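Fold and contact review
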Amino acid sequence: MSHYNRPLNRQDYKTLTLAALGGALEFYDFIIFVFFAAVVGALFFPADIPEWLRQVQTFGIFAAGYLARPLGGIIMAHFGDLVGRKKMFTLSILLMAVPTLAIGLLPTYASMGIIAPVLLLLMRILQGAAIGGEVPGAWVFVAEHVPARRIGIACGTLTAGLTVGILLGSVVATLVNTSMTQQAVLDWGWRIPFLLGGAFGLVAMYLRRWLQETPVFLEMQQRKALAQELPVKAVVVRHKKAVMVSMLLTWLLSAGIVVVILMSPVWLQKQYGFAPAVTLQANSIATIMLCFGCLIAGLVVDRIGSSLTFIIGSLLLAASSWAFYHLVGSHPEQLFLLYGVVGLCVGVVGAVPYVMVRAFPPEVRFTGISFSYNVSYAIFGGLTPIAVTLLMGVSPMAPAWYVLALSLMGLALGIWLRQGMIEKEAPELANSAR
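Residues numbered from 1 in each chain as written. Predicted model: local features only at pLDDT ≥ 70, side-chain atom pairs only at ≥ 80, totals over all residues. Heavy atoms only, no water.

Overview of helix H18 (residues 365–391)
Every α-helix winds through 3.6 residues per turn, so residues three or four apart in the chain are directed the same way. The end-to-end C-alpha distance of H18, which contains 27 residues, comes to 37 Å, matching closely the 39 Å that a straight helix rising 1.5 Å per residue would cover. Thr-384 marks where H18 bends most, by close to 45°; the proline Pro-385 follows one to four residues later. (Helix = DSSP H or I, 4+ residues; strand = E, 2+ residues; numbered from the N terminus. Expected span 1.5 Å × (residues − 1). Bend = angle between axes of the 7 residues up to and from the residue.)

Written out as structure tokens, the structure is:
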């Protein structure tokens, strides 16, 4: 039986499990900052500055993590394409665990003055560099291990794993906030999630020792087919179409998760007066449904291809998000159902890495995905919260309009992918890992 047609074996499942677990823990480390942004803002900036300035500075430090992603991701991908996927895959998790531990131990503004926010900024930049290498590296790693006709479910599983990291952050934040007084959280409780995350990361790094280098990379080494020039130069010069589509798909992925999953709980509290505890519960349901959505998208894209998956998925996302934002105010009892359904439909992003992996040939695959994904994530992931917040000054329904615009873009990309132009660029994937 050829590699293309064989079913997933025990080694595939082990690789997928370890990769998804590591991705979940690393994403938890990166995202936990969001759940404690208000507390961090209160502790790491002067007490006498206006509240809006404190929020801008806190989100500025959050955005710095996104802006650091391209540089970290491109450097790691460069070596991933030249010396091996596995080495960079292990390094990325170490680079995340150490700064996360450090944030949990940082002195606050009260004890260190201006040095405190500067150190916090530095740790966020290191975290951003790490996640920049982790996500593209993980997609490439699993896609090159499994049979070519199972790439969708492999990447969907990994994306679901990253989503579990967000859920884990939400659960830990809920536990900390419900089991402690607000003063205890301010005094020392906020440190617990960061210390936990750092410890988790070190465990995940240890577990990754059991992973093997990908068959695709080993074959390239044997054939001496590794990139002869700077991988990023080859990507920018020869694969412009693949880069453009990958960047637009990353916008759909990043902004969909940022707006629907990360920003909506606060929007629900401000817009409709939902209690924070209720919005956190609803958010957990939406995040669990997003995990299932990613798995479903991965299964579907293996069966019917990327074009139809994005056409159908984008239409479902448009309808469900519009219903969620417009009906939840008049039907508060439907909050869990509406938020759960839109969370499931955001899961169409589970098919994004399938397109990206197939868009670049193996010798520059890591760099191609990393460059497109991280540059796009830095721009759209970092600026989306600011853009949506500014647009809410024009209309309180700004998140609904933003997600609708994204859905239409996803639909357009699905129609464009129908021509099959992008997936012709990497036929090697179907026969490279036999």
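Examining a nonpolar patch on the surface
Together, Ile-288, Phe-292, Ile-296, Leu-299, Val-300, Ile-304, Leu-308, Ile-312 and Leu-316 make up a nonpolar patch on the protein surface, roughly 740 Å² of accessible area in all. Taken together, the elements giving at least two residues each to the nonpolar patch come down to helix H14 (276–304) and helix H15 (306–327). Top contributing element to the nonpolar patch by residue count: H14, with six residues. One can find Leu-308 in helix H15. For Leu-308, a relative accessible area of 34% puts it in the partly exposed group. (Patch = residues over 30% accessible without salt bridge, like charges linked within 9 Å, V, L, I, M, F, W, Y side chains within 5 Å. Areas by Shrake-Rupley, 256 points an atom, 1.4 Å probe, with all protein chains shown as cover. Salt bridge = Lys/Arg side-chain N within 4 Å of Asp/Glu carboxyl O. Buried < 20%, exposed > 50% of the residue type's maximum accessible area, 1.4 Å probe, protein only.)

Section: the packing of aromatic side chains
Counting across every chain of the model gives eleven aromatic pairs. Summarising the aromatic geometry, the rings of Phe-44 and Trp-190 are spaced 5.7 Å apart at their centres and angled 90° between planes, so their arrangement reads as edge-to-face. In this pair, Phe-44 sits in helix H2 (residues 37–44) while Trp-190 sits in the loop between helix H9 (182–189) and helix H10 (191–207), placing the two residues 146 residues apart along the sequence. Across the pair, Trp-190 and Phe-44 agree in class, each one buried. (Phe/Tyr/Trp six-rings, centres within 6.5 Å; stacked < 30°, edge-to-face > 60°.)

Re the nonpolar core
Counting residues in each nonpolar core, the largest one holds 119 residues, and the members touching the most others are Phe-36, Trp-139, Trp-190, Phe-310, Phe-324 and Tyr-325. Looking at this core, the element that brings in the most residues is helix H13 (residues 240–272), giving 15 residues. With sequence-adjacent residues up to four places away left out, Trp-139 is seen in contact with Cys-155, Leu-158, Thr-159, Leu-253, Pro-353, Met-356, Val-357, Ile-369 and Tyr-373. (Core = buried A, V, L, I, M, F, W, Y, C linked by side-chain atoms within 4.5 Å. Contact = heavy atoms within 4.5 Å.)

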